[in-house]
Amino acid sequence: MTRLIFLGPPGAGKGTQAHILAQELEIPHVSTGDILRNAKAAGTELGLKAKSYMDRGELVPDALILDLVRDRLTQTDAQSGWILDGFPRNVSQATFLDELLQKLDQVSDYVLNLEVADEVLVDRMLERGRKQGRTDDTEEVIRHRLEVYRNQTAPLIDFYKQRQQLVSIDGDRSLEEVTSALKQVVHS
Ligand code: AMP
């Protein structure tokens, strides 16, 4: 039973690494960004509401996210573990998650913080934008997302450090090296 939270700036490799670990551990990879992108592509009410925030690189309001996470973590497949990628994104989401996990009688094992320097992140996201056509992977929006990360999400590093749940990993290495560093933590 493994429950992991991925933290780190946009472009740090959270999605890629969370996907690999989730497959290996046979637990769901819960990416709020993927859920929102799917909703946007499908044109659902959630997608329509989230679109303008996502395209500007702003966080979607908590009111759109919290129910969605509660619903996902109470599904049957999430009872044997999960990996959260892109949630929590601010202190109020982290507090909500604390309360939710308490209700579900669950605790997270590790908060894995992928560290990568800003200039590397910008290059990576521009490359991803070229390959995948993500509408928020343009230089202006990327710079804004990094600012949003610094202001709203980075405070969670201290939040989880204080509970001794935080493990920081150098994310500026090859995909395989980062995966192996993460596996070492998870299997320790
Ligand atoms: P990501 O794929 O995690 O980088 O998320 C892409 C975009 O989706 C973000 O820039 C936000 O607009 C939105 N988003 C994803 N997760 C969250 C969240 N937990 N809270 C608010 N907005 C989110």
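Residues numbered from 1 in each chain as written. Predicted model: local features only at pLDDT ≥ 70, side-chain atom pairs only at ≥ 80, totals over all residues. Heavy atoms only, no water.

Colleague: Give a description of the site of the ligand that names residues and reports values.
Modeller: Around the ligand, a shell composed of 16 residues is seen, among which Thr32, Arg37, Glu58, Gly86 and Gln93 lie nearest. A distance of 3.0 Å is found between a nitrogen atom of the ligand and a backbone nitrogen or oxygen belonging to Val60. In the model, a nitrogen atom of the ligand is placed 2.9 Å from a nitrogen or oxygen of the Gly86 main chain. About the coverage of the ligand: the protein hides 96% of its 480 Å² of free accessible area. (Near = heavy atom within 4 Å. Polar contact = N/O pair within 3.5 Å; in protein donor to acceptor, adjacent residues only side chain to side chain. Areas by Shrake-Rupley, 256 points an atom, 1.4 Å probe, with all protein chains shown as cover.)

Colleague: Describe the pattern of salt bridges, naming the residues involved and giving the relevant values.
Modeller: If you walk through the whole model with that rule in mind, you get 19 salt bridges. With a closest N to O distance of 3.4 Å, Lys131 and Glu127 form a salt bridge. Taken together, the residues Lys131 and Glu127, both in helix α6 (residues 118–132) and 4 residues apart, mark about one turn of the helix. By relative accessible area, Lys131 is classed as exposed at 65%. The exposure class of Glu127 is partly exposed, given its relative accessible area of 33%. The partner of Arg134 in a salt bridge is Asp137, with the nearest N and O atoms 3.9 Å apart. With respect to burial, Arg134 and Asp137 carry one shared label: buried. (Salt bridge = Lys/Arg side-chain N within 4 Å of Asp/Glu carboxyl O. Helix = DSSP H or I, 4+ residues; strand = E, 2+ residues; numbered from the N terminus. Buried < 20%, exposed > 50% of the residue type's maximum accessible area, 1.4 Å probe, protein only.)

Colleague: Give me the lowdown on helix α4 (residues 62–73), citing residues and values where you can.
Modeller: The terminal C-alpha atoms of α4 lie 16 Å apart, and with 12 residues this matches the ideal 16 Å at 1.5 Å per residue to within 8%. When we look at burial in α4, the residues that qualify are Leu64, Ile65, Leu66, Leu68, Val69, Arg72 and Leu73. (Expected span 1.5 Å × (residues − 1).)

Colleague: Now, about the side chain of Ser108: what can you tell me, with residues and values included?
Modeller: Residue placement: Ser108 occurs in the loop between α5 (91–104) and β4 (110–115). Here Ser108 falls in the buried class, since its relative accessible area comes to 10%. Those residues in contact with Ser108, other than ones at most four positions away along the chain, are Arg3, Ile5, Trp82, Leu101 and Gln165. (Contact = heavy atoms within 4.5 Å.)

Colleague: So what's going on with helix α2 (residues 32–42)? Residues and values would help.
Modeller: One turn of the α-helix equals 3.6 residues, which is why residues spaced by three or four share an orientation. Of the residues making up α2, those classed as buried are Thr32, Gly33, Leu36 and Ala39. The arc that holds the buried residues of α2, viewed along the axis, is 130°, so those residues lie on one side. In α2, the exposed residues that point more than 90 degrees away from the buried face are Asn38, Ala41 and Ala42. (Arc of directions from axis to C-beta.)

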